[in-house]
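Chain residues, written in single-letter form:
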Amino acid sequence: MKIIHIYGHSYGGNFVITQLKELKKQQHDLLVICPSSGPFSDTLKELSIDVEFIDFQGAKISDIPKVLSSVWKIRKTIKAFQAKVVHYHLIKAIIVGRLSCAFLKSVKTFSQLGGPLTLEMKVFRRLDLATAMFDDKIICSSYNIRDIYAKYRVSRHKCEVLHYAFPLDPFLSINKKEARKIIRTEFNIEESANVIGMVAYLYDSNFRQFKNVGLKGHETLIAAAKEIVNEQKNTIFFIVGQDIDGGDKYLKKLKLLVAQTGLEANFIFTGFRKDIPQLISAMDIVAVPSLSENCGGAVEPLLMKVPVVASKIGGLTDIVIENQTGWLCAPADTASLNSSLQLALNTPEPKRNDMGELGHKLVSELFNPEVNGEKLLAIYKKTLSPFNKVDL
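This is a predicted model, so every value here is computed, not measured. (Residues numbered from 1 in each chain as written. Predicted model: local features only at pLDDT ≥ 70, side-chain atom pairs only at ≥ 80, totals over all residues. Heavy atoms only, no water.)

(A) Just the overall build of the protein chain, in detail. Regarding its fold elements, the protein chain presents 16 helices and 13 strands. The C-alpha atoms of the protein chain give a radius of gyration of 22 Å, which matches the 21 Å a tight globule of 392 residues would have. The dimensions of the protein chain, computed from C-alpha atoms along their principal axes, are 65 × 45 × 40 Å. Total accessible area on the protein chain stands at roughly 18100 Å², and carbon and sulfur atoms take up 53% of it. In the protein chain, which carries 50 positive and 41 negative side-chain charges, the distance between the mean positions of the two groups comes to 8 Å. (Helix = DSSP H or I, 4+ residues; strand = E, 2+ residues; numbered from the N terminus. Rg over C-alpha atoms; globule rule 2.2 N^0.38 Å. Areas by Shrake-Rupley, 256 points an atom, 1.4 Å probe, with all protein chains shown as cover. Lys, Arg positive; Asp, Glu negative; His and termini not counted. Charge placed at Lys NZ, Arg CZ, Asp CG, Glu CD.)

Next up, the structure:
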């Protein structure tokens, strides 16, 4: 089958790459459209997946001619490639993809958001809902996204729930006990210390609705830390990740906040790291205090059998189940996060281990790339078959 995927950035996109790898294994003819070259397209080229660059990015009125031109170019590419399926990811690619495919009877179209954030923002939500009619299916990467669409009267028959798959192998092959010892030695963390970890890109507080708190809620964790350390002095906060733009402006801001609380000795900022499974092995609890999130940073720790304290939002509630795989707290609520973290730290280790095992089982099944690849293909086939006699 001839399939085009449209992705909205030149970086990130591991969730899309995982889908594409499975479709390639099934020997489908793939083409990916993205705005420009970068780490995303470099990875696709390594996988021998064809990429075409069409710059459809734009946020200003002066960008409208460029965006409209890109719509025409994408439409021509779809026709030339003779695609049967066009699948677009993230809001800008979704809007442009829908316009490009509008009234093209030869293709079936599928949109998929990486998370609920744009549906929570008035302007993007209006654009999304106004153009949703052009999709044959909306693939919802969490039950929360499906419920938001239903709230705004997008019919349920148009929506299919399919979580973005996750590359499991790097997490399943780790000797957790050995990795824990190596990482704790590297950072001079005592084995007896309680380690609360957070693994996330550092997103500054650029979203108006979140006021002075970054998207991932780092400020909330820092605010909660003082009372936690007062109760349990031998607690380390292990912050993994770098600024989303590759700089260090937000990192410096967070370090200043820590300094103002007098907790420099209790915080470790690792910056960018590639050894995420090993780092998580050194943690006792992982915090995901995001203000908007899909399943996000909860998947990786649960794969490593580490229970999670997470905001009760978005797709996090699909996998962080209260007192079974972790604990839930109110977003941007220091007292609620503190209470949940205290509860987690005071939970006996055998109980935490059982919760980690249950979380591991849940996410290993829900985010399995091979299974999700088969489910995605089934969605394509179900949508195509009533209308087209094509070689699937």
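(B) Structural detail: helix H3 (residues 64-81). With 18 residues, H3 extends 26 Å from end C-alpha to end C-alpha; this agrees with the ideal 26 Å at 1.5 Å per step. On the buried face of H3, the contacting elements are strand S1 (2-7), strand S2 (29-34), strand S3 (50-53), strand S4 (85-89) and helix H4 (91-101). Among the residues trailing H3, glutamine 82 stands out with phi positive, at a value near 60°. (Expected span 1.5 Å × (residues − 1). Contact = heavy atoms within 4.5 Å.)

(C) Layout of the sheet that holds strand S10 (residues 267-271). Reading across from one edge, S10-S9-S8-S11-S12-S13 is the order of the six strands in this open sheet, with parallel pairing throughout. Among the strands making up the open sheet, the edge pair consists of S10 and strand S13 (326-329). Averaged over all pairs of adjacent strands, the angle between strand axes in this sheet comes to 20°, irrespective of strand direction. One ladder, built from four bridges, connects strand S9 (residues 235-240) with S10; its direction is parallel. Across the sheet, residue valine 240 finds its bridge partner in S10, namely glycine 271. Here helix H9 (residues 218-231) sits on the sheet in contact with strand S8 (194-199), S9, S10 and strand S11 (285-288), set at roughly 170° to S9. Of the strands in this sheet, S8, S9, S11, strand S12 (308-311) and S13 touch helix H14 (residues 334-346), which is tilted by about 165° from S13. (Pairing = 2+ DSSP bridges. Axes fitted to C-alpha atoms, helices over the stretch in contact; angles between N-to-C directions.)

(D) Focus on the layout of surface pockets. Estimates place the volume of the second largest pocket at around 410 Å³. Elements represented by at least two residues in the lining of the second largest pocket include exactly H3, H4 and helix H5 (122-131). Of all the elements, H4 adds the most residues to the lining of the second largest pocket, at five residues. (1 Å grid on protein atoms, 1.4 Å probe; cavity = no way out; pocket = protein on both sides within 12 Å on 5 of 7 lines; lining within 4 Å. Points joined across faces, edges and corners; volume = space filled by probe spheres on them.)

(E) Main features of the sheet that holds strand S7 (residues 159-161). Taken in spatial order, the seven strands make up an open sheet running S3-S2-S1-S4-S5-S6-S7, and their pairing is parallel. The open sheet has two edge strands, S3 and S7, and neither has a second partner. Each neighbouring strand pair of the sheet contributes to a mean axis angle of 25°, computed without reference to strand direction. On top of the sheet, helix H16 (residues 369-384) reaches S1, S4, strand S5 (108-112), strand S6 (137-140) and S7; it is set at about 140° to S5, its chief contact.

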